[in-house]
Amino acid sequence: MTAAGHYQPNLRDIFFNLFEVLDLERTSLGKGPFTTLDGDGAREALTGLCDFVQEHFAPAFVDGDKHGVTLDGAGNVTLPESFTRALNAYYKDGWNKLELPESLGGYGAPPTVCWAAFELMAGANASITFYILGNFHAKVIEELGTESQKRRYLSNILERHWGGTMVLTEPDAGSDVGAGTTKATHVQGDEYLLEGVKRFITNGDFDQPENIVHMVLARPEGHGPGTKGLSMFIVPKYWVDEAGKLGERNGAFVTNVEHKMGIKASATCELTLGATQPCRGLLVGEVHEGIKQMFHIIEYARMGVGTKSMATLSTAYLNALAYTKLRKQGADMAQAANKAAPRVEIIRHPDVRRMLMLQKAFAEGLRALVLYTAHIQDQVMIAGGYGKEGAKALDKKNDLLLPLVKGYSSEKVYELLGVSLQCFGGSGYCQDYPIEQYIRDQKIDSLYEGTTHIQALDLFFRKVARDRGETLQALVKEIQATAAGLPEGLAAEKAALEQAVNEVGAMFMGMMGKLGQSPYHVGLHGNRILFSLAELIIGWRLLVNAQVALGKRDAAPERERAFYDGKVAAARFYCKEILPGLGANRRIVEKGDLALMDLADDAF
């Protein structure tokens, strides 16, 4: 493997989802705020970006892992030169404009196209991709900031390509964000002084931009406990005056960089505020709605993490597939008794084919889940935007899907990357192939932006129980409608999907009954419930893909038929191998007890 050649994109499947399944040219492009970009423009942009990341991002993949980042004694982080070159090329070629709305000088691409683009970037080099968060900060400030804050920051972020971070976690609070103690003291107007220590801040400093904009949660003096007492502040590395001019160094300094098992060139920082000199910040929008405001960034990050995991599995699978087509070992199993039988490529062995189809089904199923969720986001924007009356049902559906995208994708991909490595045999454990770095770089996905169990609790309590299952029931009706419309050629798969709907429904009902006994039941089985719902929805989207593929296969050119056959095969495999497991999950949930909670700690 060469450093540049590790990334294997699947632009064909991305286009299949966008234009053949989701039918973007009819449903999203040309509607609402997405009038600028048409189908040809979207295809051209994604094709160009695919070429770009293979030329500029992928070559830095191994280099970043080898060299990591360095921290000097003054709180400054230096990137590997390969990263700086890649970021400079990204901005020079204008790729940052793809996700920006027209109002900010961008292409006005819908979320579907933007998340497809994010897959390409994260698959090629996730560590580089996370340094581009400042671009999203511009959208947050445009939506939430005061006119003065927009004047100071928007043009600077967009034209000077400043970096951006989200700053929540504290050493003693961890995932319990509401336990944060970072203090904010009012000075005048929207200006505050901040004091405290934050930890695990992704890309808390780096030397490619001239400035970095931290979005920081802190507790103003006199405000109450918990997340409701937090406010969000714009805290720049270098102060920005009313005219937008760069000023003196602000008192937000990186005091440590974590040494990690993976994503080593993504600077994971301890950020100390106000210890050696004043740390100044601006109250976003001059309103104390910190956690609500920060969720704009948190939800973007969670979608990004799930997409990153999916992208990693996709390229791991395609690397494994290529290897199994070349590597010869052993005779065909049907010829095992014939000692003179020729050696065959290992893709001919049944267990290898099983492992390949398992990876294919989930890589393509997770992509279908991500882009379906992105398509809901398209429709939210077309209906007026988040929080608008006409978009409320769509907004709730997006909220329901996000913990599945983040929580399930990050967990399942880590499991399946072991299957990718297994296809290489012993060679996969060596650095000759990218899988071992994929595993190290991907494991973080189940830990940050809300651990898997946080996603499970969010799903059960906030997304299902809070609205009495209304959003989930509406989604189930969509799944049932798909099942009812499946062609005769998918009759067995239809039955499997309908049974899976029943199993997941019974699982939720059973847990609702147990909730009256103790919330510990959700704590013990919340992950299983999240995984089961995700696997149901992935099965649904795979069958939607299969139905589209069956309708197109016979009229397609010969070179395309294998692609469509593969879509149907993946759905059939999934319905046979994965969906039946939901019945076992239901029975485990129903029979679950609280024995673990009653066990003495010393017994562990």
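In this report, the structure presented in the accompanying data block is examined. Just so it is clear, the model here is predicted, and its values are computed rather than measured.

Each helix and strand counted, the protein chain has 19 helices and 14 strands in total. Whereas a compact globule of 604 residues would reach a radius of gyration of roughly 25 Å, the protein chain reaches 25 Å, a difference of no more than 12%. Once the C-alpha set of the protein chain is aligned to its principal axes, its extents read approximately 80 × 60 × 55 Å. Looking at the protein chain as a whole, 58% of its 604 residues qualify as buried. Considering only intrachain contacts with a sequence separation of at least 6, the fraction spanning at least 24 residues in the protein chain is 76%. If you sum the accessible surface of the protein chain, you get close to 24600 Å²; carbon and sulfur atoms cover 52% of it. Taking the average location of the 64 positive side-chain charges in the protein chain and that of its 73 negative ones, the two points are 5 Å from each other.

What follows deals with the nonpolar core. In terms of nonpolar packing, the biggest core is built from 192 residues, with Leu46, Phe57 and Leu194 touching the most fellow members. Excluding residues that lie within four positions of it along the chain, Phe57 makes contacts with Phe52, Ala86, Tyr90, Met121, Ala124, Asn125, Ile128, Thr129 and Ile132.

As a further point, take the packing of helix H16 (residues 520–553) against helix H17 (residues 558–577). Angle between the axes and distance between the axes: these two values describe a pair of packed helices. With their axes 8 Å apart at the nearest point, H16 and H17 run at an angle of 145° to one another. Every pair of crossing elements has a handedness; the one defined by H16 and H17 is left-handed. When H16 is examined against H17, the residues Glu535, Ile538, Gly539, Leu542, Leu543, Asn545, Ala546, Ala549, Leu550, Lys552 and Arg553 are found in contact with a partner set consisting of Arg561, Tyr564, Asp565, Lys567, Val568, Ala571, Tyr574 and Cys575. Counted by class, the contact of H16 with H17 contains 11 nonpolar, two polar and six charged residues.

With respect to the secondary-structure elements, Thr35 resides in the loop between helix H2 (24–27) and helix H3 (39–56). Residues Thr35 and Ala109, 74 residues apart in the sequence, show an inter-C-alpha distance of 8.7 Å. Aside from chain neighbours lying at most four places away, what touches Thr35 is Gly30 and Glu102.

What follows is about the environment of Val589. In this fold, Val589 is placed in helix H18 (residues 581–591). Exposure remark for Val589: the relative accessible area of 0% places this residue in the buried category. Considering only alpha carbons, one finds Val589 and Glu558, 31 residues apart in sequence, at a separation of 47 Å. For Val589, the contacting residues outside a window of four places in its chain are Met507, Met511, Lys514, His525, Arg528 and Ile529.

Within the structure shown, the criterion is met by 37 salt bridges. Ionic pairing is found between Arg151 and Glu242, a salt bridge with its closest N-O pair at 3.1 Å. Pair noted here: Arg151 is in helix H8 (residues 147–160) and Glu242 is in the loop between strand E8 (238–240) and strand E9 (246–249), with a separation of 91 residues, a long-range link. Arg151 gets classed as partly exposed once you look at its relative accessible area, which sits at 48%. On the basis of relative accessibility, which here comes to 42%, the residue Glu242 falls in the partly exposed class. Between Arg354 and Asp351 there is a salt bridge whose closest N-O contact spans 2.9 Å. In this pair, Arg354 and Asp351 both sit in helix H10 (residues 350–382), three residues apart, roughly one turn of the helix.

Conventions used here
- Residues numbered from 1 in each chain as written.
- Predicted model: local features only at pLDDT ≥ 70, side-chain atom pairs only at ≥ 80, totals over all residues.
- Heavy atoms only, no water.
- Helix = DSSP H or I, 4+ residues; strand = E, 2+ residues; numbered from the N terminus.
- Rg over C-alpha atoms; globule rule 2.2 N^0.38 Å.
- Buried < 20%, exposed > 50% of the residue type's maximum accessible area, 1.4 Å probe, protein only.
- Contact = heavy atoms within 4.5 Å.
- Areas by Shrake-Rupley, 256 points an atom, 1.4 Å probe, with all protein chains shown as cover.
- Lys, Arg positive; Asp, Glu negative; His and termini not counted.
- Charge placed at Lys NZ, Arg CZ, Asp CG, Glu CD.
- Core = buried A, V, L, I, M, F, W, Y, C linked by side-chain atoms within 4.5 Å.
- Axes fitted to C-alpha atoms, helices over the stretch in contact; angles between N-to-C directions.
- Left-handed = near helix turned anticlockwise from the far one by under 90°.
- Nonpolar A, V, L, I, M, F, W, Y, C, P; charged D, E, K, R; others polar.
- Salt bridge = Lys/Arg side-chain N within 4 Å of Asp/Glu carboxyl O.

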